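If you want the building blocks of each chain, they are given just below.
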Amino acid sequence: MVSLPILARPVCLPVLARLVRKNTMSGSRLWLARQMVTAIAQALPGRRIHVVADAAYAGGELRGLPGQVSWTTRLRKDAALYAPAPARTGRRGRPAQKGKKLPKLADLARTAVFAPTTVRRYGADHTVHTATISCLWYTVFGPQPVTVVLVREADSSRGYDLALVATDQQATAGQVVERYAARWAIEVAIEDAKQLVGVGQAHNRLAAAVERTVPFGLACLTLAVCWYATAGHQPSDVAEHRARRPWYRTKTNPSTSDMLAKLRRVLIAARFRCARPEQPTPTEIQAIRLAWEEPAA
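Reference entry: report on the structure contained in this document. (Residues numbered from 1 in each chain as written. Predicted model: local features only at pLDDT ≥ 70, side-chain atom pairs only at ≥ 80, totals over all residues. Heavy atoms only, no water.)

So, about the pattern of salt bridges. Side chains that differ in charge, positive against negative, can pair when their charged atoms come close. Per the stated rule, a full pass over the model turns up nine salt bridges. Asp-168 is the salt-bridge partner of Arg-48, the closest N and O atoms lying 3.9 Å from each other. Of this pair, Arg-48 sits in the loop between helix 1 (29-43) and strand 3 (49-52) while Asp-168 sits in the loop between strand 8 (162-166) and helix 4 (173-182); the two residues are 120 residues apart in sequence, bridging distant segments of the chain. Residue Arg-48 is classed as partly exposed on the basis of its relative accessible area of 41%. Judged by its relative accessible area of 6%, Asp-168 is buried. What emerges from the salt-bridge pattern is a single network uniting Arg-48, Asp-168 and Arg-179. (Salt bridge = Lys/Arg side-chain N within 4 Å of Asp/Glu carboxyl O. Helix = DSSP H or I, 4+ residues; strand = E, 2+ residues; numbered from the N terminus. Buried < 20%, exposed > 50% of the residue type's maximum accessible area, 1.4 Å probe, protein only.)

The following block contains the structure:
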């Protein structure tokens, strides 16, 4: 996830992909996600990595994460939470790994103290009410302390609307909510990859092709966005787009489709650039005109 100065929304750039094999532990989504996160941590030893995922990415595979990695996910309603482990007593035997079991989330929400919190979500500022609880989610993260953030969309007497859990002990409740909201950019990237780049539309027959086609398409999407952000963007791009499509009255930022269209135009211009001094033939002019109009259609 990156924040670009040319956009008001975060952007997801796929960098790794793994093949999910059903009914196998080594090919499960959570196991593969853990492998990819570990690989990124090893490649970037000096970087702090914040992983955000939905409720499906929570399980025992997350025990013992690298120290530089934090994990934020949605907390299940039936999650068994425990108080932090008590201090050692000095007696012989194994020390306690967890404290007393806490009440259910609904009961915790009734006694928790909610405070108004301003968060930046989906391109706008919102005020929500949050309450934090420091505890253990032992079945998932083991003895690693976590922070549970309960979110109410409005100040009311009802329990909560959303429960999040994060291993980052330094993050505020607002930061946890904003990180989880930014996860929506992942869904946008997947949709763009399918609809604009053609990821998943190939009819492969060989196992190697299945493993390569989708990652290659995702990598192309990442490279296209990086190219546009570093070399292709012009302040007039949005104005030109609105001039071609005047019904887009509220468009203020280039979309992924705009970035790909700009890249196609640059590639087309480079391909058909005249390499000889004489004038191009009418056939060449017609080919350039059709190729130029196709991405803008």
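Take the packing of aromatic side chains next. Tallying each qualifying case throughout the model produces two aromatic pairs. Seen in terms of ring centroids, Trp-227 and Tyr-228 are 6.4 Å apart; in terms of plane orientation they differ by 55 degrees. Their pairing is tilted. For Tyr-228, a relative accessible area of 1% translates into the label buried. Lys-98 extends its terminal NZ or CZ atom over the ring of Tyr-138, reaching a point 4.8 Å from the ring centre. (Phe/Tyr/Trp six-rings, centres within 6.5 Å; stacked < 30°, edge-to-face > 60°. Lys NZ or Arg CZ within 6 Å of the ring centre and 35° of its normal.)

What follows covers the pairing of strand 6 (residues 124-136). Sheet faces and side chains relate simply in a regular strand, where the side chains alternate between the two faces. Where strand 5 (residues 115-121) meets strand 6, seven bridges bridge the pair, whose relative direction is antiparallel. Bridged to Thr-117 within strand 6 is Val-128. Note: strand 6 against strand 7 (residues 145-152), eight bridges, orientation antiparallel. Bridging across to strand 7, Thr-132 finds its partner in Val-149. (Pairing = 2+ DSSP bridges.)

Our focus in this paragraph is helix 1. Along its 15 residues, helix 1 runs 21 Å from first to last C-alpha, staying within 8% of the 21 Å computed at 1.5 Å per residue. Taken together, the buried positions of helix 1 are occupied by Leu-30, Leu-32, Ala-33, Arg-34, Met-36, Val-37 and Ala-41. Contacts made by the buried residues of helix 1 are with strand 3 and strand 4 (69-74). (Expected span 1.5 Å × (residues − 1). Contact = heavy atoms within 4.5 Å.)

Their axes nearest at 9 Å, the elements helix 6 (residues 207-232) and helix 8 (residues 256-271) cross at an angle of 75 degrees. Taken together, the axis directions place helix 6 and helix 8 in an arrangement best described as roughly perpendicular. Across from Leu-221, Ala-224, Val-225, Trp-227, Tyr-228 and Gly-232 in helix 6, the residues of helix 8 making contact are Thr-256, Met-259, Leu-260, Lys-262, Leu-263 and Val-266. For the contact of helix 6 with helix 8, the residue count by class is nine nonpolar, two polar and one charged. (Axes fitted to C-alpha atoms, helices over the stretch in contact; angles between N-to-C directions. Parallel < 35°, antiparallel > 145°, perpendicular 65-115°, else oblique. Nonpolar A, V, L, I, M, F, W, Y, C, P; charged D, E, K, R; others polar.)

Moving on: the sheet that holds strand 7. Ordered in space as 3-4-8-7-6-5, the six strands form an open sheet in which the pairing is mixed. Strands with a single pairing partner mark the edges of an open sheet, and in this sheet they are strand 3 and strand 5. Pairs of neighbouring strands in the sheet enclose a mean axial angle of 30 degrees, with direction left out of account. Bridging between strand 3 and strand 4 involves four bridges; their strand directions are parallel. Within the sheet, the bridge partner assigned to Ile-49 lies in strand 4 and is Val-69. Packing against the sheet, helix 1 makes contact with strand 3 and strand 4, and its axis sits at approximately 150 degrees to strand 4. Relative to strand 5, helix 4 is tilted by about 35 degrees, and along the sheet it contacts strand 3, strand 4, strand 5, strand 6, strand 7 and strand 8.

All right, on to the packing of helix 4 against helix 5 (residues 184-197) then. At a minimum axis separation of 4 Å, helix 4 and helix 5 run at an interaxial angle of 10 degrees. If you check the angle between helix 4 and helix 5, you find them roughly parallel. Here Tyr-180, Ala-181 and Ala-182 of helix 4 lie close against helix 5, whose contacting residues are Trp-184, Ala-185 and Ile-186. A class-by-class count of the residues in the contact of helix 4 with helix 5 yields six nonpolar, no polar and no charged.

Bringing a positive patch on the surface into the picture now. Taken together, the side chains of Arg-63, Lys-98, Lys-101 and Lys-104 make up a positively charged region of the molecular surface. Relative to the elements of secondary structure, Lys-104 occurs in the loop between strand 4 and helix 2 (105-111). Judged by relative accessible area, Lys-104 falls into the exposed class, the value being 65%. (Patch = residues over 30% accessible without salt bridge, like charges linked within 9 Å, V, L, I, M, F, W, Y side chains within 5 Å. Areas by Shrake-Rupley, 256 points an atom, 1.4 Å probe, with all protein chains shown as cover. Lys, Arg positive; Asp, Glu negative; His and termini not counted. Charge placed at Lys NZ, Arg CZ, Asp CG, Glu CD.)

Among the secondary structure elements, Thr-72 is positioned in strand 4. Taking relative accessible area as the criterion, Thr-72 reaches 0% and is therefore assigned buried. Once residues within four sequence positions are removed from consideration, Thr-72 is found in contact with Val-51, Val-52, Ala-53, Val-165, Ala-166 and Val-176.

Right, let's get into the nonpolar core. In this structure, Trp-71, Leu-75, Leu-81, Leu-105, Trp-137, Val-148 and Leu-150 are the most contacted members of the largest nonpolar core, which totals 31 residues. Contributions of two or more residues to this core are made by helix 1, strand 3, strand 4, helix 2, strand 6, helix 3 (138-141), strand 7 and strand 8. Counting residues per element, this core draws most heavily on helix 1, which supplies four residues. Not counting residues up to four positions away in its chain, the partners in contact with Trp-137 are Ala-58, Thr-73, Leu-75, Arg-76, Ala-79, Ala-80, Leu-81, Gly-142, Val-146 and Val-165. Val-149, Val-151, Leu-162 and Val-176 belong to the second largest nonpolar core, which has 13 residues in total. (Core = buried A, V, L, I, M, F, W, Y, C linked by side-chain atoms within 4.5 Å.)

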